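Secondary and tertiary structure notes
Single-letter residue listing:
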Amino acid sequence: MDLSVSLAARDSSQGLGPGFGLNGLPRPAPPKATKKPKKAVLFFEVEILDAKTREKLCFLDKVEPQATIAEIKNLFTKTHPQWYPARQSLRLDPKGKSLKDEDVLQKLPVGTTATLYFRDLGAQISWVTVFLTEYAGPLFIYLLFYFRVPFIYGHKYDFTSSRHTVVHLACICHSFHYIKRLLETLFVHRFSHGTMPLRNIFKNCTYYWGFAAWMAYYINHPLYTPPTYGAQQVKLALAIFVICQLGNFSIHMALRDLRPAGSKTRKIPYPTKNPFTWLFLLVSCPNYTYEVGSWIGFAIMTQCLPVALFSLVGFTQMTIWAKGKHRSYLKEFRDYPPLRMPIIPFLL
Ligand SMILES: NC(=O)c1ccc[n+]([C@@H]2O[C@H](COP(=O)([O-])OP(=O)(O)OC[C@H]3O[C@@H](n4cnc5c(N)ncnc54)[C@H](OP(=O)(O)O)[C@@H]3O)[C@@H](O)[C@H]2O)c1
């Protein structure tokens, strides 16, 4: 512990004496030298243990009380350069939640000697790179099937075109969806996390790329048959798709406006003047509701089983995430609107 004490002010006046000024007149009594309060600067000690083995990895002496977890991660990196800050998860409990980068040491429930547990999150990759890779894949893969490049449907179909209007419309919708997502990733979303584990990209790409290839194979197949109720079914499906795309985009814009550029602020989202955002009255994650709606529209339009399965898997995944986000909102905001459900109004 280091205590720094300020010195009291010194009276440096000279001449007749302490009661007179240089002109010989009594001078007003000097203000009483006020003793400045002692300023105690208390430092913390931080020991970092491996969360699995409890082995001591690092001991940081004299850490400022106002130090953030991000700063502690930087100090830790100096002794272990292989674990750059984005790879590190620091926790108060070996099996507990990761502390946030902006958490301040002196506000944590620790003494002046804090023990933090470290977990290696593995190699990291930026979110933007992940999303661009995930979304560019389906866009490109679908078009390979649409243009019937060689080695997919047999030689005689190479670069032929489907005679069904719905096949062309489906290609436009599919491409539009992923171009929109790419543009939103680049210009709309304000992510709070810089990186995610590299291994996730393999999992996510398998999901998106695999489903895109499976769907595209059937929809663009030379033997594909258009939907049962013809143009009426396609028009209805297109309307659902377009409305949901607009809704999804509107929600993304509303979420963006909640967070000033460069910040990680999280607020309760509320409906705005845009009617598509009114779904916020009933659900916590309307962007997922609209996303599922888009895929249902696409499934009705193409009447294709792999599309229906993709919608179902996407719905299951987004429901899990929506429930998690809904729980976090309830925990974080006491005044969270009670009527809201995670993803489906009044139901789920
Ligand atoms: N087809 C599928 O299987 C599938 C699956 C998932 C997503 N998607 C699509 O991808 C889109 C984006 O997905 P996502 O999971 O990233 O959506 P999300 O969690 O709702 O986030 C969208 C953006 O808004 C920010 N945000 C969310 N809530 C916020 C709040 N309360 N205050 C301030 N900012 C907030 C997020 O920042 P953070 O970085 O802090 O989260 C992120 O930048 C979805 O809307 C959907 O269209 C599709």
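Presented here is a report on the structure given in the accompanying data block. Quantities reported herein were computed from a predicted structural model and do not represent experimental measurements.

A look at the site of the ligand
Around the ligand, a shell composed of 25 residues is seen, among which S192, H252, Y288, E291 and K325 lie nearest. Note that an oxygen atom of the ligand is positioned 3.1 Å from one of the side-chain N or O atoms of Y207. Separating an oxygen atom of the ligand from a side-chain N or O atom of E291 is a distance of 2.5 Å. Contact with the protein chains covers 90% of the free accessible surface of the ligand, which is 880 Å². If you list the elements that add at least two residues to the shell around the ligand, you get α4 (198–219), α5 (230–258), α6 (286–302) and α7 (305–332).

A look at the pairing of strand β3 (residues 44–50)
Along β3, six of the seven residues are buried, which leaves the element largely enclosed by surrounding structure. As paired strands, β3 and strand β4 (residues 56–63) are joined by five bridges and run antiparallel to one another. Counted as the bridge partner of F44 is V63 from β4. The antiparallel pairing of β3 with β4 creates a hairpin that spans five residues between the two strands, and R54 there sits at a positive phi of about 65°. Where β3 and strand β6 (residues 113–120) come together, six bridges link them in parallel fashion.

Considering the packing of aromatic side chains
Per the stated rule, a full pass over the model turns up 27 aromatic pairs. Seen in terms of ring centroids, F131 and F191 are 5.3 Å apart; in terms of plane orientation they differ by 35°. Their pairing is tilted. Taken as a pair, F131 in helix α2 (residues 127–146) and F191 in the loop between α3 (165–187) and β8 (195–197) lie far apart in primary sequence, 60 residues in all. With a relative accessible area of 13%, F131 lands in the buried category. Taking the centre distance of 5.1 Å and the plane angle of 75° together, the rings of Y146 and F147 count as edge-to-face. Y146 sits in the buried class, given a relative accessible area of 19%. Here F147 falls in the partly exposed class, since its relative accessible area comes to 45%.

Rules used throughout
Residues numbered from 1 in each chain as written. Predicted model: local features only at pLDDT ≥ 70, side-chain atom pairs only at ≥ 80, totals over all residues. Heavy atoms only, no water. Near = heavy atom within 4 Å. Polar contact = N/O pair within 3.5 Å; in protein donor to acceptor, adjacent residues only side chain to side chain. Areas by Shrake-Rupley, 256 points an atom, 1.4 Å probe, with all protein chains shown as cover. Helix = DSSP H or I, 4+ residues; strand = E, 2+ residues; numbered from the N terminus. Buried < 20%, exposed > 50% of the residue type's maximum accessible area, 1.4 Å probe, protein only. Pairing = 2+ DSSP bridges. Phe/Tyr/Trp six-rings, centres within 6.5 Å; stacked < 30°, edge-to-face > 60°.

Just distances and angles here, no functional claims.
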